[in-house]
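An overview of the molecular structure
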Amino acid sequence: MGTDERVDVGGPMWDYPTMIVTLDAKRRFSLPATLAPASPGDQFDATFDANEDTVTLRRVKRKANWLEVWKKCPVPMDDVPLRSRELPKKVQA
């Protein structure tokens, strides 16, 4: 074997390395920020696979904040016609 041939390769073994986390007394996990950057209020879908004995977390997309959507409305709220307080008239056929 020559000096350029290596038995061990020092590169990463997995695309997503595993990590051991510990459950605390209140049944919570703490994930390091370097593993999965998240902020308070982020939601995750947790699934348990009994055959593999694994828990998988997937980030759930946040719902749009209705106030931010309302602020981006192209029509100013002043231009929207007022609601009528009268009952609708019956259409005679």
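Each value, and the rule that gives it
- Residues numbered from 1 in each chain as written.
- Predicted model: local features only at pLDDT ≥ 70, side-chain atom pairs only at ≥ 80, totals over all residues.
- Heavy atoms only, no water.
- 1 Å grid on protein atoms, 1.4 Å probe; cavity = no way out; pocket = protein on both sides within 12 Å on 5 of 7 lines; lining within 4 Å.
- Points joined across faces, edges and corners; volume = space filled by probe spheres on them.
- Nonpolar A, V, L, I, M, F, W, Y, C, P; charged D, E, K, R; others polar.
- Helix = DSSP H or I, 4+ residues; strand = E, 2+ residues; numbered from the N terminus.
- Pairing = 2+ DSSP bridges.
- Buried < 20%, exposed > 50% of the residue type's maximum accessible area, 1.4 Å probe, protein only.

Thoughts on the layout of surface pockets
- Estimated volume of the second largest pocket: approximately 280 Å³.
- What lines the second largest pocket is R28, F29, S30, L31, P32, A33, A36, A38, S39, A46, V55 and L57.
- For the lining of the second largest pocket, the per-class residue count stands at nine nonpolar, two polar and one charged.

Structural notes on unusual backbone geometry
- Of note in this structure, R27 is not a glycine but carries a positive phi near 65°.
- Examined against the element boundaries, R27 turns out to sit in the segment before β1 (43–49).

Details of the pairing of strand β2 (residues 54–60)
- Note: β1 against β2, seven bridges, orientation antiparallel. Counted as the bridge partner of T47 is T56 from β2.
- Between β1 and the antiparallel strand that follows it, β2, lie four residues; D53 among them carries a positive phi value of about 55°.

Some points on the environment of D45
- Looking at the element boundaries, D45 is found in strand β1.
- Since its relative accessible area comes to 39%, D45 is described here as partly exposed.

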